[in-house]
Amino acid sequence: MLEDFNLLITCSRGQEEDARIETISVLKQIGDPNPIVEKTSVRGLLTAKTGMDPVEAIKKMRELLKERPVSFLYIKRAIPIQKIIRTDLEEIGKVARELGSKIGEDETFRVTVEKRHTDLRTMEIIKAAASGIDRKVNLDNPDRVILVEVIGPLTGISLIRPQDILSTQKELK
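Residues numbered from 1 in each chain as written. Predicted model: local features only at pLDDT ≥ 70, side-chain atom pairs only at ≥ 80, totals over all residues. Heavy atoms only, no water.

A word on the overall build of the protein chain
Reasoning step 1: Helix and strand counts for the protein chain stand at five helices and 10 strands.
Reasoning step 2: For the protein chain, whose C-alpha radius of gyration is 16 Å, the value lies close to the compact-globule estimate of 16 Å for 173 residues.
Reasoning step 3: In terms of principal-axis extent, the alpha carbons of the protein chain reach across some 45 × 35 × 30 Å.
Reasoning step 4: Here the protein chain, with 173 residues, has 48% of them falling under the buried criterion.
Reasoning step 5: Restricting to contacts in the protein chain with at least 6 residues of sequence separation, those with at least 24 account for 73%.
Reasoning step 6: For the protein chain, the computed accessible surface area is about 9000 Å², with 46% contributed by carbon and sulfur atoms.
Reasoning step 7: Considering the protein chain, the positive charge centre built from 29 side chains and the negative charge centre built from 28 side chains are found 3 Å apart. (Helix = DSSP H or I, 4+ residues; strand = E, 2+ residues; numbered from the N terminus. Rg over C-alpha atoms; globule rule 2.2 N^0.38 Å. Buried < 20%, exposed > 50% of the residue type's maximum accessible area, 1.4 Å probe, protein only. Contact = heavy atoms within 4.5 Å. Areas by Shrake-Rupley, 256 points an atom, 1.4 Å probe, with all protein chains shown as cover. Lys, Arg positive; Asp, Glu negative; His and termini not counted. Charge placed at Lys NZ, Arg CZ, Asp CG, Glu CD.)

Below, the structure written as structure tokens:
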């Protein structure tokens, strides 16, 4: 697994190699000449490193999905990651507060946690991430999402808008 990834890619279990090859192809089509994509210890999950801003890469992937849906046979979701840290509640809280400082005064937020290979509880991760962020919470329709993706010893964190995650199946409907 890459340790400095900035995209998470999900696929069906057992299709990791096909999704890895497809992700490299898609990233090259949207303008990254040297993407790196690797499998993780989690079935159905890949890490990718692109030279592009990860949120921008998702936007370009979405445009490509509309133009050429046949390019997306194996990729289910593409998720931007802005910061990688070791899996530790204090670290998660610190980075979440740094990112949370960019949430506008009139904006709402939510913390979303996806965890794999960890004993940490979802609520303790949410509490660590949300503490110290003095903004209104909106669980149903937030302006911003603090996304915490735990993969064993590494955690990826992002401050994104809800539409910054590409879900190929939802968007092709």
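Next, the rest of the story.
A closer look at a negative patch on the surface
Reasoning step 1: Together, Glu 105, Asp 106, Asp 134 and Asp 143 line one region of the surface with negative charge.
Reasoning step 2: Looking at the secondary structure, you find Glu 105 in the loop between α3 (89-100) and β6 (108-116).
Reasoning step 3: Taking relative accessible area as the criterion, Glu 105 reaches 74% and is therefore assigned exposed. (Patch = residues over 30% accessible without salt bridge, like charges linked within 9 Å, V, L, I, M, F, W, Y side chains within 5 Å. Salt bridge = Lys/Arg side-chain N within 4 Å of Asp/Glu carboxyl O.)

A short note on the environment of Leu 46
Reasoning step 1: The residue Leu 46 is located in strand β3 (residues 45-49) in this model.
Reasoning step 2: Here the alpha-carbon distance between Leu 46 and Glu 3, two residues 43 residues apart in the chain, equals 12 Å.
Reasoning step 3: For Leu 46, the residues in contact, after removing those within four places along its chain, are Leu 7, Leu 8, Ile 9, Glu 16, Ala 19, Arg 20, Thr 23, Val 37, Glu 38, Lys 39 and Thr 40.

Some points on the pattern of salt bridges
Reasoning step 1: Evaluation of the coordinates by the stated rule reveals 11 salt bridges.
Reasoning step 2: For Glu 107, the salt bridge goes to Arg 144, with nearest N and O atoms at 3.5 Å. Linking Glu 107 in the loop between α3 and β6 with Arg 144 in strand β8 (residues 144-151), this pair joins segments that are 37 residues apart in sequence. An identical accessibility class is assigned to Glu 107 and Arg 144; each is buried.
Reasoning step 3: The partner of Arg 116 in a salt bridge is Glu 114, and the shortest N-O contact between them spans 3.0 Å.
Reasoning step 4: Each member of the salt-bridge network shares a partner with another, and the members are Arg 77, Glu 114, Arg 116 and Glu 149.

Brief notes about the sheet that holds strand β9 (residues 154-160)
By definition, the strands of a sheet pair up through backbone hydrogen bonds, in either a parallel or an antiparallel sense.
Reasoning step 1: One open sheet accounts for five strands, arranged β5-β9-β8-β6-β7; its pairing is mixed. The sheet terminates laterally at β5 (83-86) and β7 (136-137), the two strands that pair on one side only.
Reasoning step 2: Pairing between β5 and β9: four bridges, direction antiparallel. Across the sheet, Ile 84 pairs through a bridge with Gly 156, a residue of β9. (Pairing = 2+ DSSP bridges.)

All we've got here are geometric facts, nothing functional implied.
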